[in-house]
Amino acid sequence: MSSSTTASRVRRQWSLSPWLFAAPGLLITGAFILYPFVSTLVNAFTDKRTLIPGEFVGLANFRELLHDDMFWIGLRNSTLYVLGVVPALVILPLLLALLVQKNIPGITFFRSAFYTPVVASIVVVGLIWVWLLDERGLINSLLESVGVGRVGFLSDQWLLLLSAMAVTVWKGLGYYMIIYLAALANVPRELHEAAAVDGAGAVRRFVTVTVPAVRSTMALVGALSSVAAFKVFSEVYLMAGPSGGPAGEDTTLVMLVQRTGTGLTGRVGYASAISVVVFVVTVALMLLVLRADRRGET
């Protein structure tokens, strides 16, 4: 065998080596992300059901969405969820990060306490809050003991949605706090010292030094929390039940996808059309947040 042939074979092996290392990840990505995505996109234009392959129907599923009251209820609730959850998850974790960043006695306990909900199962968290907010739960018992009376946290349409938002915020605080801690570690201490010398108080330093320094991180948190809030499922499902609360008025879009596309008679094509709408809206939310961040930097 000539030396040129050997060199060519070695070069060929070296060129294939990266793909061999990447193959497991690419296979998993293709099987569990790319294939379901393409399949959902194709099914959105068919009348496929669980046990029936279905035929191409064009934009019929999307036209039906425009006249589906439950779709508009789900879109309303998912939008309200974003408006209620995202501001809290952008501001509160930043304040917590500023708190736990300080080296004061006992702060390690609070760091662990704030992060504990993140590692807890959402099912466990949801059930705990259901027990707390139930008509006979701890919170209602305390309210009744002080003469306020029982509150229908899980029976009133709007209180149920607000309660689910509170659970989402409570569970997400620790996660986004860690992201802010990483960003705050890169803020030069000299900036705070210079502002303090100029007579700036804590609030003014926060507004003029901390917020501009972590603006990009705030945009990242806003984008991540917007997508997660719009795709909310577990919190509302656990607290409102499969029916979506009183008369289904607390149903979100992802709950509607689950309800419509599952079961022996599930309308897979119609549920796929709703999923496509969810995907388009979440991408639009991310682009809007990132564009607003770029405008803020200019």
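Residues numbered from 1 in each chain as written. Predicted model: local features only at pLDDT ≥ 70, side-chain atom pairs only at ≥ 80, totals over all residues. Heavy atoms only, no water.

Because an α-helix completes one turn every 3.6 residues, residues spaced three or four positions apart along the sequence face the same direction. Restricting attention to buried positions, one finds in helix H12 (residues 253–261) the residues Leu253, Met255, Leu256, Val257 and Thr260. The first or second residue beyond H12 is Gly263, which carries a positive phi of 90°. (Buried < 20%, exposed > 50% of the residue type's maximum accessible area, 1.4 Å probe, protein only. Helix = DSSP H or I, 4+ residues; strand = E, 2+ residues; numbered from the N terminus.)

The contact between helix H7 (residues 157–184) and helix H10 (residues 215–230) brings their axes to 10 Å, and the two run at 160°. Relative to H10, the element H7 is oriented roughly antiparallel. Note that H7 runs across H10; the crossing there is right-handed. Each of Tyr176, Ile179, Tyr180 and Ala183 in H7 lies in contact with H10, whose residues at this interface are Thr217, Met218, Leu220, Val221, Leu224 and Ser225. Among the residues forming the contact of H7 with H10, the class breakdown is eight nonpolar, two polar and no charged. (Axes fitted to C-alpha atoms, helices over the stretch in contact; angles between N-to-C directions. Parallel < 35°, antiparallel > 145°, perpendicular 65-115°, else oblique. Left-handed = near helix turned anticlockwise from the far one by under 90°. Contact = heavy atoms within 4.5 Å. Nonpolar A, V, L, I, M, F, W, Y, C, P; charged D, E, K, R; others polar.)

So, about unusual backbone geometry. One non-glycine residue with positive phi stands out, namely Ala247, at about 60°. Relative to the helices and strands, Ala247 resides in the loop between helix H11 (234–240) and H12.

A word on the packing of helix H4 (residues 107–119) against H7. At their nearest, the axes of H4 and H7 sit 6 Å apart, and the two run at 115° to each other. The way H4 lies across H7 gives a crossing that is left-handed. On H7, the residues that touch Arg111, Phe114, Tyr115, Pro117 and Val118 of H4 are Trp170, Lys171, Gly174, Tyr175, Met177 and Ile178.

Scanning the model with the defined rule gives three salt bridges in all. Among the salt bridges present, the one from Arg76 reaches Glu249, with a minimum N-O distance of 3.3 Å. Pair noted here: Arg76 is in helix H3 (residues 69–100) and Glu249 is in the loop between H11 and H12, with a separation of 173 residues, a long-range link. For the salt bridge of Arg150 with Glu144, the shortest nitrogen-to-oxygen distance reads 2.7 Å. (Salt bridge = Lys/Arg side-chain N within 4 Å of Asp/Glu carboxyl O.)

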